[in-house]
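Residue strings, one per chain:
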Amino acid sequence: MKTSELHCWIVVNGYLQHDKFSRLALFIKEAAERKKIKATLIRNSDLIPVIEKGVPLLKGTFEMLPDFVLFMDKDIHLAHHLELLGLPVYNSSTAIDICDSKAKTHQALAGHNIPMPKTIFPPFTYEGINRVNMDVFKQIGSELGFPLIVKESYGSFGEQVYLIQTEEDLLKTILQLGHKPFIIQEFINHSKGRDIRVNVVGDQVVAAMQRHSENDFRANMTAGGRAEPYTPTKEEAKLAIRCAEILGASFAGVDLLFGEDGPLLCEVNSNSHLLNIYECTGINIADSMFDYMLNKLGKGSTSDDKKNRLANL
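Quick caveat, the model's predicted, so the values are computed rather than measured.

Focus on the sheet that holds strand β15 (residues 262-269)
Reasoning step 1: Taking strand neighbours across the sheet as the criterion, the five strands line up as β13-β12-β11-β14-β15 in an open arrangement whose pairing is antiparallel. Whereas interior strands pair on both sides, the edge strands pair on one side only; in this sheet they are β13 (226-229) and β15. Ignoring strand direction, the axes of neighbouring strands in this sheet form an average angle of 30°.
Reasoning step 2: As paired strands, strand β14 (residues 251-259) and β15 are joined by seven bridges and run antiparallel to one another.

Structure below.
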């Protein structure tokens with residue numbers, strides 16, 4: 001089979017109608033077509049995973065299955081179902097699942113000598129069951145000191161992250177979160193309003209940018225932060241690559257904090273927003289992603305452009 005005969009599905013969420021997601025999907029599709037891949041944008045809402053008589057099937061409006069899938073959504077069950085059908089899926093459903101949860105990410109990286117902020121996992125409660133005894137959270141506040149950070153396990157673009165200044169604010173925030181899963185972390189004051197986004201493909205850093213905000217403790221661009229191209233240190237690059245490797249992510253946007261003694265892992269994004277870093281650095285990470293997938297499928301070789309991009313980092 002020649003590379004030009006390959007067919008790829010780019011799976012996106014059928015309910016996200018925001019323009020930035022539509023532009024991202026077309027941006028990725030154009031990268032696939034530059035590699036002579038037939039690329040089809042397909043919504044998760046157009047696919048119906050079915051198990052019939054114990055056999056995984058897929059129903060929907062498509063004509064035939066693709067050769068491989070670039071999964072740009074967080075529909076874990078659909079991604080896993082495609083894998084059950086024997087399709088190569090990038091990133092894997094396991095990697096997406098772990099990276100989607102900040103709690104799962106930190107626990108998966110534990111025990112691997114990955115520097116990260118001190119992280120506490122609060123007790124679980126059921127939907128509709130309020131936390132009545134708050135003594136454990138008072139203890140957590142004493143353990144971490146104030147200010148501290150509360151992060152909902154599921155959230156994007158710096159949202160669902162709260163800077164907590166006092167015990168009163170902590171208890172109020174916990175009650176407002178209800179049964180939502182979250183983690184509580186020490187606040188890294190040395191990195192206030194600034195971080196690094198390192199985009200990893202395979203075992204290489206392809207691009208990086210530093211984000212900073214003068215008005216918010218978060219550096220995310222959606223929260224008002226600004227970005228500039230950044231050349232990561234060897235320690236930062238090694239940390240980002242190692243995190244992606246441990247989590248089994250073929251490609252990832254790894255966010256690092258500036259710790260007083262070196263970089264700290266903040267989070268790992270399995271589906272990072274490629275347009276922001278392209279606009280900042282001029283590097284199209286989607287090109288490297290398709291190079292990687294073609295190599296994994298045995299249908300391509302690393303392009304000179306990719307070699308040049310890596311050499312310039």
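Moving on from the coordinates now.
What about the pattern of salt bridges?
Reasoning step 1: Under the criterion given, the structure shown has 14 salt bridges.
Reasoning step 2: The closest approach of N and O atoms between Asp-216 and Arg-218, which form a salt bridge, is 2.9 Å.
Reasoning step 3: In this structure Asp-216 comes out as buried when scored by relative accessible area, which is 19%.
Reasoning step 4: A salt bridge links Arg-242 to Glu-245; its shortest N-O distance comes to 2.8 Å. Of this pair, Arg-242 and Glu-245 both sit in helix α7 (residues 234-247), separated by three residues, roughly a single helical turn.

Focus: the packing of aromatic side chains
Reasoning step 1: Following the criterion strictly, the structure yields six aromatic pairs and no others.
Reasoning step 2: Each ring, one from Phe-124 and one from Tyr-126, has its centre 4.9 Å from the other, and the planes form 80°; the classification is edge-to-face. Across the pair, exposure class does not vary: Phe-124 and Tyr-126 are exposed alike.
Reasoning step 3: By the ring-pair criterion, three or more aromatic residues cluster together here, those being Tyr-90, Phe-251 and Tyr-292.
Reasoning step 4: Sitting over the face of the ring of Phe-258, Arg-194 holds its NZ or CZ atom 4.2 Å from the ring centroid.

Reading the values: the criteria
Residues numbered from 1 in each chain as written. Predicted model: local features only at pLDDT ≥ 70, side-chain atom pairs only at ≥ 80, totals over all residues. Heavy atoms only, no water. Pairing = 2+ DSSP bridges. Helix = DSSP H or I, 4+ residues; strand = E, 2+ residues; numbered from the N terminus. Axes fitted to C-alpha atoms, helices over the stretch in contact; angles between N-to-C directions. Salt bridge = Lys/Arg side-chain N within 4 Å of Asp/Glu carboxyl O. Buried < 20%, exposed > 50% of the residue type's maximum accessible area, 1.4 Å probe, protein only. Phe/Tyr/Trp six-rings, centres within 6.5 Å; stacked < 30°, edge-to-face > 60°. Lys NZ or Arg CZ within 6 Å of the ring centre and 35° of its normal.

Fair warning: the whole summary comes from geometry, so function is off the table for now.
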